[in-house]
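# Notes for the structure review
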Amino acid sequence: MKTKNIIACLFLLFVTQAVTAQNNAEALIRVLVNQVKSHQNMEMKFSYQISPDEKTLIDALKGKAWLQGEAYKIELPEQQTISDGKTIWSYLVDDEEVLVSNATEGTDNTPLKLLTSLDKNYAATLTNIDAQGNAVIELANPKGQYKRITLKINAKKTELKNVDIYMEDGSKVMITIEEMKFDQQLDDKFFTFDAKKHPNVDVIDMR
């Protein structure tokens, strides 16, 4: 399962302010994509659980993610993925290794590229909205890596509650949003891996 692509789905929902489109799911997705582009950067704190099959549920873990244009950083307990838009550093924490590769151009392998294609490649359906304003939107793409993405949003408070991602291999990822921040001052080197801070880590250049 590609971690950065899972987090990319969440970045789409950082600014859920388009409640006037709540009765038109496809219009809501289009507005959200445009709103993502309006912020200089975004930060998200979240917890997540993975269910490899219908009977198994792995304990919840916590993570953080940032997006700024084509650059992104994803911090999970077992791995950190960092990219400045040109280079990707995959830091395997337990193995004390960093794999360095080129960010492939012309594909949807970055959060921003995936975001801007969601409204084109996924059919959006508003499946439910209750009296408290809790809305459920489903994104479906029979030919995509993600067979179905379910978004749960409090439309009255414009808050994203959680996201369930159903993969084509039958596994499921459940993500709960805990905190979101926007337009922070980030250092120029924030989206790069600093080997000097990790002297015991082996850097493997795969470019």
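Right above here is the structure, for reference.
Residues numbered from 1 in each chain as written. Predicted model: local features only at pLDDT ≥ 70, side-chain atom pairs only at ≥ 80, totals over all residues. Heavy atoms only, no water.

## With respect to a negative patch on the surface
Taken together, the side chains of Glu78, Asp94, Asp95, Glu96 and Asp202 define an acidic patch exposed on the protein surface. Counting through the fold element by element, aspartate 94 comes out in the loop between β5 (87–92) and β6 (97–102). (Patch = residues over 30% accessible without salt bridge, like charges linked within 9 Å, V, L, I, M, F, W, Y side chains within 5 Å. Areas by Shrake-Rupley, 256 points an atom, 1.4 Å probe, with all protein chains shown as cover. Salt bridge = Lys/Arg side-chain N within 4 Å of Asp/Glu carboxyl O. Lys, Arg positive; Asp, Glu negative; His and termini not counted. Charge placed at Lys NZ, Arg CZ, Asp CG, Glu CD. Helix = DSSP H or I, 4+ residues; strand = E, 2+ residues; numbered from the N terminus.)

## Here we look at the pairing of strand β3 (residues 71–75)
The side chains of a regular strand alternate between the sheet's two faces. Counting buried residues along β3, four of its five residues qualify, which places the element largely inside the surrounding structure. Pairing of strand β2 (residues 61–68) with β3, which is carried by five bridges, proceeds in the antiparallel orientation. Bridged to lysine 64 within β3 is glutamate 75. Hairpin connection between β2 and β3: a loop of two residues separates the two successive antiparallel strands, and glycine 69 in this loop has a positive phi of roughly 60°. Pairing geometry for β3 and strand β4 (residues 79–83), over four bridges, is antiparallel. From the neighbouring strand, tyrosine 72 faces β4, where its bridge partner is serine 83. With antiparallel pairing between neighbouring strands as the criterion, β3 and β4 make up a hairpin whose turn holds three residues. (Buried < 20%, exposed > 50% of the residue type's maximum accessible area, 1.4 Å probe, protein only. Pairing = 2+ DSSP bridges.)

## Topic: the pattern of salt bridges
Scanning the model with the defined rule gives four salt bridges in all. In this structure, the salt-bridge partner of lysine 62 is glutamate 178, at a minimum N-O distance of 2.8 Å. Linking lysine 62 in strand β2 with glutamate 178 in strand β11 (residues 172–182), this pair joins segments that are 116 residues apart in sequence. Owing to a relative accessible area of 56%, lysine 62 belongs among the exposed residues under this scheme.

Remember that the coordinates give geometry; whether it matters functionally is a separate question.
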